[in-house]
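Read off the chains here:
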Amino acid sequence: MIITPDNIRAIRPIADNVNDMKRLVPYIEECEKLFVLPALGAKLYKQLESDILQDNNGSPITENSGSNILVGGTNLTDLLDGCYYDSDTKHCEGLKKAMGYLVYSRFVRNQNVSVTAFAVVTKQGQFSEAVDEKTIVRIANDAEKIGLEYLRQCVNYLNFGKEKADQRNIKPRIKFKVIGD
């Protein structure tokens, strides 16, 4: 996985007693497959998933310092955590934040529903009070909108790196799809 439940908790509060493996990890995996994979492409996604970027021959892509961080002229750490680029005039919030908002959105939409042997039910604790459906949809849609914008920023950052590589007459090793335009 590219992010952990702690990355989600860093952007929006989620109760500590939520079972991460049962309630958050499935949404992280869905987010990666539904949003990140189509936006970045399978090749880059596989490399991000493995934490080491590789060229077409399977060799790690490195900077002069030996860090495994370059993708078509872009910095992996900046892609994941966010950065300013293009002489500090453009900004990318980072893939971790984008995914955090998208996962949070899916979690909010589905968190109060449990499938039991007898029916689909809404679980409530001793001191809980149900929130109306409109509020849940509004919160989820807001988080998804933010996540998609941050993901678009990540794609723009990657495309900027590709353009810079083209300007240096270096053939980029990875192609990126732009989503939503």
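Criteria and cut-off values
- Residues numbered from 1 in each chain as written.
- Predicted model: local features only at pLDDT ≥ 70, side-chain atom pairs only at ≥ 80, totals over all residues.
- Heavy atoms only, no water.
- Core = buried A, V, L, I, M, F, W, Y, C linked by side-chain atoms within 4.5 Å.
- Buried < 20%, exposed > 50% of the residue type's maximum accessible area, 1.4 Å probe, protein only.
- Helix = DSSP H or I, 4+ residues; strand = E, 2+ residues; numbered from the N terminus.
- Phe/Tyr/Trp six-rings, centres within 6.5 Å; stacked < 30°, edge-to-face > 60°.
- Salt bridge = Lys/Arg side-chain N within 4 Å of Asp/Glu carboxyl O.

**Student:** Please clarify how the nonpolar core should be interpreted in this entry.
**Tutor:** In a soluble, globular protein the nonpolar side chains are often hidden away together inside. Ile2, Leu40, Leu48, Leu95 and Met99 are the most contacted members of the largest nonpolar core, which totals 42 residues. Counting residues per element, this core draws most heavily on helix H6 (residues 133-167), which supplies ten residues.

**Student:** So what exactly am I meant to see when it comes to the packing of aromatic side chains here?
**Tutor:** The geometry of two aromatic rings is summed up by the distance between their centres and the angle between their planes. The full count for this structure, using the stated rule, is four aromatic pairs. Centroid distance Tyr85 to Tyr157: 4.9 Å. Interplanar angle 65°. Geometry classified as edge-to-face. Here Tyr85, found in strand S3 (residues 83-85), pairs with Tyr157, found in helix H6; they are 72 residues apart in sequence, far enough to count as distant. Taking relative accessible area as the criterion, Tyr85 reaches 9% and is therefore assigned buried. Given the relative accessible area of 5%, Tyr157 is considered buried. Ring plane angle 75° and centroid distance 5.6 Å describe the contact between Tyr101 and Tyr150, whose orientation is recorded as edge-to-face. Taken together, the positions of Tyr101 in helix H5 (residues 95-110) and Tyr150 in helix H6 put the pair 49 residues apart, joining distant regions of the chain. Both residues of the pair, Tyr101 and Tyr150, belong to the buried class.

**Student:** Looking at this structure, I do not really get the pattern of salt bridges. What am I missing?
**Tutor:** Opposite charge on two side chains allows them to pair when their charged atoms are near. This structure, assessed with the given rule, holds seven salt bridges. Ionic pairing is found between Lys96 and Asp81, a salt bridge with its closest N-O pair at 3.4 Å. Taken together, the residues Lys96 in helix H5 and Asp81 in helix H4 (residues 76-81) connect sequence positions 15 residues apart. Across the pair Glu93 and Lys97 runs a salt bridge whose closest N-O atoms are separated by 2.8 Å. For Lys97, a relative accessible area of 35% puts it in the partly exposed group.

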